[in-house]
Amino acid sequence: MSTNTPSEDHKPAVEPLYEASKRIFAKKAQGQFRNFKWVVLWVTLGIYFGLPWLRWDRGEFAPDQGILLDLAGRRFYFFPIEIWPQEFYYVAGLLLMAGFGLFLITSAVGRAWCGYTCPQTVWVDLFIAVERFFQGDRNARMKLDKAPMSGNKFMRLAATHATWILMSFLTGLGWIMYFGNAPSVLVKFFTGELPFVAYGTVLVLTLTTYGFGGLMREQVCIYMCPWPRIQAAMLDEDSLVVTYNDWRGEPRTRGAKKAAAAGLPVGDCVDCDACVAVCPMGIDIREGQQLGCITCALCIDACDQVMDKVGKERGLIAYATLSEYQSNMDMATNNGRTGIQPQNVRDPDGKFKDRIRHFNWKVIFRPRSLLYMGAWSAVGLGMLVVLLNRDRLDLNVVHDRNPQYVMESDGSVRNGYTIRILNMEPQPRTIRLSVEGLPSAAMKINGIAPTEGQSYDIPVKPDEATALKVFVTLPKGQANWASEEFHFIAEDMTIGERSVYKAAFNGPGVKK
Ligand code: SF4
Ligand code: SF4
């Protein structure tokens, strides 16, 4: 008889807050998705490291780096596009597009971003390849992990970590190339001529890349990244996710031939665990959809190879939508009235009536995806229209505050202004400055002679604001008001580009 009290008998087990991290020794996968992942990996790495070295001729007055974040000059250069700080809304637009793009991809093909292009995935993939190079594939790595420290083990571990640190350092170095002329940044980095912040950035990125890609790996995806949680809201029953088709796999059986000969029900899964062995997240996809699954599809490759070996159809693990999976499951179980009977899902020729292995465009072209596509295109088109029509000449006028006006000895009234002409083109220009709306006004700019009438031709430097002190004078008896509106006009006479600023002329009259 138990001596425990009832409350002790039914005491719930205390769940630990954090699961202890388990080392994952992912096996090398082979197949179409693995090949595709290699292509994506080299393309994304090529883009990251290569972009700052691409040149773009902007003339002699602007940098020739294709993509440049010029923090000192407060400019962002993207090939022919130059973004000024006041045009930051373009960056907001790009972020919006990235957001809608991510929603679109998730709603159509699940976590494809996580599985193929996320930097964490790409770098972890690379780091695992390095680990495999120095320590061998899964079994060899597991054996090495269990073995006591020896010269051989030390050398293999040291080589792995040294290569990881070198790759992390190159990642950090690659990042600062975006913030200056890449060739000179590279030289100056090693000659100690860069500012402290550049070395600090490289150090932080080296440490985080090594930590995230080499040491923490799947922990980053599971515990640190918010995207797995957010994406759950994006998926629906028509989103593609990596799925174990248990309607044909169960009951999973080792020694299937013997079991079948004994008349036992046998599913297609031979319980070889190949799908688990290749998973970089340490997941058994046969347990169903999981937060940790990044849909890298390596388990599909592994299982397809097994199916080839045992002479069964591929696709036991496949990209599938929940609705396709459910309809197959309903068929296999006679709408839930029986256990799984895979023969229900087979055609007379013995093949599965399985639609999931044929790509269905409806998965992408459905209302939710079209909505995201529409939003993405609308933001993109809007940005393009604004970009093509944006001003490259700007005028800013500040009226003198004290005094508001000056009464000259001859009775004329003078107002003073500080004018900034902003030339956003990467070449010098001559801008004609004039006033409009005060017919008898005379404009005067210290140190510059008028060009014709009351206009002044102002040479402005490329990519710079030119500040001028300007005086506008009205003859005696003309300024009988407290304030009158008029316009300053800045115009590039060669291309006709204009910028107009509404200003006020103050006089000694009474307010209207
Ligand atoms: S379960 Fe499959 S798709 Fe998901 S992370 Fe593992 S290998 Fe990739
Ligand atoms: S690889 Fe395929 S056959 Fe092997 S355990 Fe995984 S699902 Fe079953």
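Rules of the game
- Residues numbered from 1 in each chain as written.
- Chains lettered and ligands numbered in written order.
- Predicted model: local features only at pLDDT ≥ 70, side-chain atom pairs only at ≥ 80, totals over all residues.
- Heavy atoms only, no water.
- Domains from an automatic or database assignment.
- Buried area = accessible area lost by both parts, 1.4 Å probe.
- Salt bridge = Lys/Arg side-chain N within 4 Å of Asp/Glu carboxyl O.
- Polar contact = N/O pair within 3.5 Å; in protein donor to acceptor, adjacent residues only side chain to side chain.
- Helix = DSSP H or I, 4+ residues; strand = E, 2+ residues; numbered from the N terminus.
- Patch = residues over 30% accessible without salt bridge, like charges linked within 9 Å, V, L, I, M, F, W, Y side chains within 5 Å.
- Areas by Shrake-Rupley, 256 points an atom, 1.4 Å probe, with all protein chains shown as cover.
- Near = heavy atom within 4 Å.
- Nonpolar A, V, L, I, M, F, W, Y, C, P; charged D, E, K, R; others polar.
- Expected span 1.5 Å × (residues − 1).
- Buried < 20%, exposed > 50% of the residue type's maximum accessible area, 1.4 Å probe, protein only.
- Contact = heavy atoms within 4.5 Å.

Draft legend 1. Examining the domain arrangement of the protein chain more closely. Here the domain parsing of the protein chain yields domain 1 (32-231), domain 2 (241-357) and domain 3 (393-506). Computed over C-alpha atoms, the centres of domain 1 and domain 3 are 50 Å apart. Between domain 1 and domain 3 the total buried area reaches about 660 Å² when both faces are included, carbon and sulfur atoms providing 58% of it. Of all residues in domain 1, the largest losses of buried area upon contact with domain 3 belong to Phe61, Glu82 and Trp84, amounting jointly to 64% of the total for that side. Linking domain 1 with domain 3 are zero salt bridges. Connecting domain 1 to domain 3 are two residue pairs in polar contact (both at pLDDT 80 or more).

Draft legend 2. Region of the structure containing unusual backbone geometry. Of the consecutive residues glutamate 250 and proline 251, the connecting peptide bond is found in the cis state with omega at -5°. Along the chain, proline 251 falls in the loop between α12 (246-249) and α13 (256-261). Cis geometry marks the peptide bond from asparagine 402 to proline 403, where omega comes out at 5°. With respect to the element layout, proline 403 can be found in the loop between β6 (393-399) and β7 (406-407). Its identity as a non-glycine residue notwithstanding, alanine 297 has a phi of 70°, on the positive side. Summarising the element assignment, alanine 297 is placed in the loop between α14 (274-278) and α15 (298-310). Of note in this structure, asparagine 335 is not a glycine but carries a positive phi near 55°. Residue placement: asparagine 335 occurs in the loop between α16 (322-332) and α17 (367-389).

Draft legend 3. Main features of a nonpolar patch on the surface. On the surface, Leu215, Met216, Tyr223 and Met224 cluster together into a nonpolar patch covering about 380 Å² of accessible area. Contributing elements (two or more residues each) for the nonpolar patch: α9 (196-216) and α10 (218-224). Here leucine 215 shows up in helix α9.

Draft legend 4. Representation of the site of ligand 1 in the model. In the vicinity of ligand 1, the residues found are Val242, Cys279, Pro280, Met281, Ile283, Ile285, Cys293, Ile294, Thr295, Cys296, Ala297 and Cys299. For the shell around ligand 1, a count of residues per class yields eleven nonpolar, one polar and no charged.

Draft legend 5. Geometry of α17. Spanning 23 residues, α17 covers 32 Å between terminal C-alpha atoms, matching the ideal 33 Å at 1.5 Å per step. Among the residues of α17, Ser369, Tyr372, Val379, Gly380, Met383 and Leu387 are the ones counted as buried. The inward-facing, buried residues of α17 abut β3 (81-83) and α3 (89-109).

Draft legend 6. Seen up close, the pattern of salt bridges. For the coordinates displayed, the defined rule picks out 31 salt bridges. Between arginine 254 and aspartate 271 there is a salt bridge, and its shortest N-O distance comes to 3.5 Å. With arginine 254 in the loop between α12 and α13 and aspartate 271 in the loop between α13 and α14, this residue pair connects regions lying 17 residues apart in the sequence. Assessed through its relative accessible area of 56%, arginine 254 is described here as exposed. Linking aspartate 284 and arginine 286 is a salt bridge whose minimum nitrogen-to-oxygen distance equals 3.0 Å. Connected through shared salt-bridge partners, Arg23, Glu131, Arg132, Asp137, Arg141, Asp145 and Arg217 make up one network.

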